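# Summary of structural features
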Amino acid sequence: MRAKVALVAAIASLVGSALVALASDETRFPHRKHAGLFPTCIGCHAAAIAGDSAPRFPEQAQCQGCHDGTQEERVSWTPPPREPTNLRFSHLEHIREMGMSRDSAALSCQTCHADAGPRSEAEAFMAVSEARPALCLECHAHRSPSHYAEESSCATCHLRLAEATDLLAREIERFPEPPSHDRPDFLTAHAPSSGDASCAYCHARESCERCHPNATTERTIAAIPRDARVARLVAARPGEYPTPASHRDPDFPYAHGVAARASISSCANCHAQPSCRSCHIGSGARKDIARLPRGDGGGAAGVILRARPHDV
């Protein structure tokens, strides 16, 4: 039982301050001055073992137990606000996981929160800095060649964009672009294989609706949540429509009906009914065209074509 308590205390100490935005700046809270007063970090950081919805920091009233104007001078202290982030981290989840599968002796608060600066042995317990995301990789090592490689598992460390509600639109706009997006064929071959695609960690459904007339009926797109911040960012950006290799065949304008009838859903990625009606003005292909999105109602209108002049 004692070993189990030690495990919980050690891991709780480790994760109890993961969201404490103190850095090594002791002006926000003088941890070193309080060294020796608290046996564990969870005395002030209850969320470590009580769950992530518990208060992350002590309230002013808790400080007044000592700072009452008699024992110690009165102080005014306000907990730091939660830093906007799209990182996924649960203290309680790590406690449970480590308790089942890790050697508790290897874990302590200092594993992630030790201040790298000079300190005495007496100060070591309360020499605290904020946890650096790079430390996560010491346990959660990437199996892919780079952070932004397509095979990286975003879900391990990140929230889907719609869940990272604290991020401002300008911060989303500064997200780095993965190298895969620079491939010449990216726009014609980027379709995810499932609804839980990595796209949702940087994009919202409005990102797709900018180009895809069939966004409302495409299951993989419908699985990506909406986000008002992204809607504002893409509102004035027109769709981008590269020409697929098959469309470059000189005979394509005369022979594409066969392909369209075989897979009209593929055509609907870029084309809505107005795309076809710029050429098809009679009854021909009417039924096939009707299977395409209408291209109105505020969604993407798709590629707008011009009728090809007759050869002379």
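Residue numbers restart at each chain and count upward from 1, following the sequence in its written direction. Local features in this predicted model are restricted to residues of pLDDT 70 or higher, and side-chain atom pairs are both shown and tallied only at a pLDDT of 80 or more, whereas totals for entire chains, interfaces and linings draw on every residue. Side-chain descriptors were evaluated using all non-hydrogen atoms of the structure, hydrogens and water having been removed beforehand.

### What about the environment of R294?
Rules: Comment: elements are numbered from the N terminus, with helices defined as DSSP H or I runs of at least four residues and strands as E runs of at least two. Throughout, a residue-residue contact means that at least one pair of heavy atoms, one from each residue, lies within 4.5 Å.
In this structure, R294 sits in the segment after α14 (286–290). Spatially, the C-alpha atom of R294 lies 9.9 Å from that of S275, the residues being 19 residues apart in sequence. Among all residues touching R294, those that are not within four sequence positions of it are A272, Q273 and P274.

### A look at the confidence of the model for the protein
Test applied: Per-residue confidence from the predictor is reported as pLDDT, a score between 0 and 100.
Mean pLDDT over the protein stands at 78; residues scoring 70 or higher make up 81%. Within the protein, helix α1 (residues 2–15) has the poorest average pLDDT of any element, 35, and helix α10 (residues 228–234) the best, 96. Contacts of residues 101–106 to residues separated by more than four positions or lying in other chains number six contacts, the stretch itself having pLDDT below 50.

### Quick notes on the pattern of salt bridges
For clarity, the threshold we go by: Definition used for salt bridges: Asp or Glu carboxyl oxygen within 4 Å of a side-chain nitrogen of Lys or Arg. Buried means the residue's accessible area, taken with a 1.4 Å probe over protein chains only, is under 20% of the maximum for its type, while exposed means over 50%, and partly exposed covers the values in between.
Tallying each qualifying case throughout the model produces nine salt bridges. The partner of R88 in a salt bridge is E163, and the shortest N-O contact between them spans 3.9 Å. Of this pair, R88 sits in the loop between α3 (60–63) and α4 (91–101) while E163 sits in the loop between α5 (110–113) and α6 (169–173), placing them 75 residues apart in sequence. Judged by relative accessible area, R88 falls into the partly exposed class, the value being 36%. A relative accessible area of 43% means that E163 is categorised as partly exposed. With a closest N to O distance of 3.6 Å, E206 and R226 form a salt bridge. Here R226 lies in the loop between α9 (219–222) and α10 and E206 lies in helix α8 (residues 205–209), a separation of 20 residues in the sequence. Where salt bridges share partners, they join E206, E209 and R226 into one cluster.

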